[in-house]
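Residue-level listing of the chains:
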Amino acid sequence: EAQVTQNPRYLITVTGKKLTVTCSQNMNHEYMSWYRQDPGLGLRQIYYSMNVEVTDKGDVPEGYKVSRKEKRNFPLILESPSPNQTSLYFCASSPGILGSPLHFGNGTRLTVT
Amino acid sequence: QKEVEQNSGPLSVPEGAIASLNCTYSDRGSQSFFWYRQYSGKSPELIMFIYSNGDKEDGRFTAQLNKASQYVSLLIRDSQPSDSATYLCAVTSPSGSARQLTFGSGTQLTVLP
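This text gives an overview of the structure that appears in the document. All residue numbers here refer to positions counted from 1 along the written sequence of the relevant chain. For this description, chains carry letters from A and ligands carry numbers from 1, given in the order in which they are written. Thresholds applied to this predicted model are a pLDDT of at least 70 for local features of residues and 80 or more for the giving and counting of side-chain atom pairs; totals over whole chains, interfaces and linings are not thresholded and use all residues. Hydrogens and water molecules were not included; the side-chain quantities draw on all heavy atoms of the structure.

### Overview of the state of the cysteines
Quick note on the threshold: The disulfide criterion is simple: two cysteine sulfur atoms within 2.5 Å. The numbering of helices and of strands both runs from the N terminus, where a helix is a DSSP run of H or I of at least 4 residues and a strand a run of E of at least 2. Using a 1.4 Å probe on the protein chains alone, a residue whose accessible area is under 20% of its type maximum counts as buried, one over 50% counts as exposed, and one in between counts as partly exposed.
Per the counting criterion, the structure on display carries two disulfides over all chains. Through a disulfide, C23 of chain A is tied to C91 of chain A; the S-S separation comes to 1.8 Å. Taking the sign of the S-S torsion, -70 degrees for the link of C23 of chain A and C91 of chain A, the bridge is left-handed. Placement of the pair is C23 of chain A in strand β3 (residues 19-25) and C91 of chain A in strand β9 (residues 87-94), with a sequence separation of 68 residues. A relative accessible area of 2% places C23 of chain A in the buried class. Taking relative accessible area as the criterion, C91 of chain A reaches 0% and is therefore assigned buried. The disulfide that involves C23 of chain B links it to C89 of chain B, with 2.1 Å between the sulfurs. Around the S-S axis, the bridge from C23 of chain B to C89 of chain B shows a dihedral of about -70 degrees and counts as left-handed. One end of the pair, C23 of chain B, is in strand β3 (residues 19-25); the other, C89 of chain B, is in strand β9 (residues 85-92), and 66 residues separate them in sequence. Pair check on accessibility: C23 of chain B and C89 of chain B agree, each one buried.

What follows is the structure, encoded as structure tokens:
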């Protein structure tokens, strides 16, 4: 089954403790992206990647890191999480063709205390 | 000014009625337009996409695009309670890569039985 898999689904952590949210897709998509979703603010892009070893900042990259060492994986790294990073996170992928739609993972609900 | 604007709602319609959801965007360079449906706590799922001016129909859904006026709308005919969700408008980003999407904050729709 074609899908984007994120793990974990739920995560509660403390300020400053490094964490990684994994994202993997099995559709051989070139384009992958991370979004955060907060009430009233919609989906905001954190980072995106056009292909292996090619990443770029989205609208809200501060406090996040990403890497794209393999085509299928695009982990999101929070080196020193803070409470304002408490949010619902989505990973998404697409073939990368102009205008092609995004396929979303099931989301990761992160709480930083 | 937000790049993609939607009325946040909530929008309530009776079962069987037509629900009309609207979205405006700020950059005339945007080329691709998407409507996603998102149930509470779930990931967005693609409903429609449209690239050319005019109407595009898919079952009970019709997307309308007017590039001169910079708006895109989604009509849902014969609305059902199962259509109750938040609807997100997404537009190809005006700057940088055309493969980036900018999302509106969403319109919450409730279909009353």
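### Remarks on the pattern of salt bridges
Inclusion rule: Any carboxyl oxygen of Asp or Glu within 4 Å of a side-chain nitrogen of Lys or Arg constitutes a salt bridge here.
Summed over all chains, the structure comprises six salt bridges over all chains. Among the ionic pairs, D38 of chain A bridges to R36 of chain A, the shortest N-O distance being 2.9 Å. For D38 of chain A, a relative accessible area of 11% corresponds to the buried category. With a shortest N-O distance of 3.2 Å, R37 of chain B and E45 of chain B are connected by a salt bridge. Several salt bridges share partner residues, and in doing so they unite R36, D38 and R44 of chain A into one network.

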